[in-house]
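Each chain is listed here by its residues.
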Amino acid sequence: MEQFLPEGRLFFTQRNRALLRTPEGLRQAMEEQIILEAAPDKCDAAHALHFRLPGREVVMPREECAVGLGGGSTREVAVLSRVGRPTCFVVEGLPGEDGAVVPRISRKAAQERCLRWLMALPAGTVLPATVTRLERFGAFVDVGCGAPSLVPLDAISVSHISHPACRFRVGEEIYVAVRETLPEQNRLLLSHRELMGTWAENAAHFAAGEVVTGTVRGVLDYGVFVELAPNLPALAEYRAGVEVGDRVSVYIKSIQPEKEKIKLLILDRLPRREGPVPPVYFQTQGRVTGWRFRQRERIGLTVDAAQPEE
């Protein structure tokens, strides 16, 4: 089965660069329906993208720059933001064929093919994705050819985080799992936390009596929630002065597998780390065969597949 990658993954590949180098390469890409990537160097006043392809400048008309532009479901920033960035397209025509004077290329056609592929995926499919935008309610990711979808905040990890920036940075390459496809709306329901292991898988890396580091994710009257791993929250005795986001050293008092609980004692506050705590994956391919974590009710679970990747 054909697979579609987030934009930028093909840009530096040997095949992509070879096909873009000559007119014969463009012809091969057209005949074999190969998706290419190049970086446009200009977006003109009509919002058409200009590419430098073998021997000439090639213009991608605005209406071919993204799915949804014609109907208004995709904003113009989806075109403007492509300048200087790897942008996928398919070659639809070459000079001398069907009256073409210059190569005809289309990102929209590549996205339409990608969306058909995505909508046919079975639930549980693990996909590579690239983080394109972070909002308080979740992370927008490119799941193929610039087609964006949303990983809701509470589907990012088991341990509570206040913002996706606690886990991701824009441009980061991650993995997501398809919870459900909605073909009539061109939407995917995505999750991330299922790929970072169960409580038992994460707890196996720790033992009672050890001193380790963690990140404070919640402070309540009865205790402090400390993240030992992205999918492993634990409860420490209350300690005055600690704040959400603090990095702390903790003593592991006990691990209770039957209750899936870990009890901690905070020893010290440590200098805060720079950047988010990166995800640690236990699964990066294949399919998730069972949803380990209960899905909570939330607002804004999905996003239209034609939303921009600003």
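Above this note sits the structure.
Residues numbered from 1 in each chain as written. Predicted model: local features only at pLDDT ≥ 70, side-chain atom pairs only at ≥ 80, totals over all residues. Heavy atoms only, no water.

**Notes on the packing of aromatic side chains**
Here is the rule we go by: Ring geometry is summarised as follows: Phe, Tyr and Trp rings, the Trp one being its six-membered ring, pair when their centres sit within 6.5 Å, and such pairs are stacked at plane angles under 30 degrees, edge-to-face over 60 and tilted between the two. Relative accessibility thresholds used throughout: buried, under 20% of the residue-type maximum; exposed, over 50%; partly exposed, between the two (1.4 Å probe, protein chains only). As a reminder, the over-ring test applies to NZ of lysine and CZ of arginine, requiring each to be within 6 Å of the ring centre and within 35 degrees of the ring normal.
One pass over the full model with this rule turns up six aromatic pairs. Measuring from ring centre to ring centre gives 6.3 Å for Tyr222 and Phe225, while their planes differ by 85°; the resulting arrangement is edge-to-face. Note on Phe225: relative accessible area 32%, which makes it partly exposed. We note Arg133 situated over the ring of Phe140; from NZ or CZ to the ring centre the distance is 3.9 Å.

**A short note on the sheet that holds strand β2 (residues 42–43)**
Here is the rule we go by: A pair of strands is treated as paired once DSSP finds two or more bridges between them. Strands are runs of DSSP state E lasting at least 2 residues, helices are runs of H or I lasting at least 4, and numbering of each runs from the N terminus.
Here three strands make up an open sheet; going across it, the order is β2-β3-β4 and the pairing antiparallel. Unpaired on one side and paired on the other, β2 and β4 (56–60) mark the two borders of the sheet.

**Quick word on the sheet that holds strand β7 (residues 126–135)**
To keep it simple, the criterion reads: Angles here are taken between N-to-C directions and fall from 0 to 180 degrees, while the axes themselves are lines fitted to C-alpha atoms, restricted in helices to the stretch in contact.
Taken together, the five strands give an open sheet; going across it, the order is β9-β8-β7-β10-β11, and neighbouring strands pair in antiparallel fashion. The strands lining the two open edges of the sheet, one partner per strand, are β9 (148–152) and β11 (187–191). Strand-to-strand twist in this sheet, taken as the mean axis angle between neighbours without regard to direction, amounts to 55°. Across five bridges, β7 lies against strand β8 (residues 138–142) in antiparallel orientation. When the sheet's bridge partners are listed, Val131 is paired in β8 with Val141.

**Brief notes about the pairing of strand β16 (residues 261–270)**
In this structure, strand β14 (residues 232–236) lies alongside β16, joined through two bridges in parallel fashion. Each residue of the ladder has a partner; that of Leu235, found in β16, is Lys263. Pairing analysis gives nine bridges linking strand β15 (residues 247–256) to β16, with the strands arranged antiparallel. Bridge pairing in β16 places Ile252 opposite Leu264.

**Points about the pattern of salt bridges**
Here is the rule we go by: Salt bridges are defined by distance alone: a side-chain nitrogen of Lys or Arg within 4 Å of a carboxyl oxygen of Asp or Glu.
For the coordinates displayed, the defined rule picks out 13 salt bridges. Note that Arg107 is salt-bridged to Glu7, the shortest N-O span being 2.9 Å. Separated by 100 residues along the polypeptide, Arg107 in helix α4 (residues 107–119) and Glu7 in the segment before α1 (14–21) bring together distant segments of the chain. Considered together, Arg107 and Glu7 belong to a single accessibility category, that of buried residues. Overlapping salt bridges, with partners in common, bring together Glu243, Asp246, Arg269 and Arg272 in one network.

**Regarding the environment of Gly138**
Spelled out, the test is: Only heavy atoms matter for contacts: two residues are in contact if any of them lie within 4.5 Å across the pair.
Here Gly138 is to be found in strand β8. Given a relative accessible area of 0%, Gly138 falls into the buried group. In the structure, Gly138 is positioned 18 residues away from Ile156 in sequence and 7.9 Å away in space, judged by C-alpha atoms. If we ignore the near neighbours within four places in the chain, the residues touching Gly138 are Arg133, Leu150, Val151, Pro152, Leu153 and Pro164.

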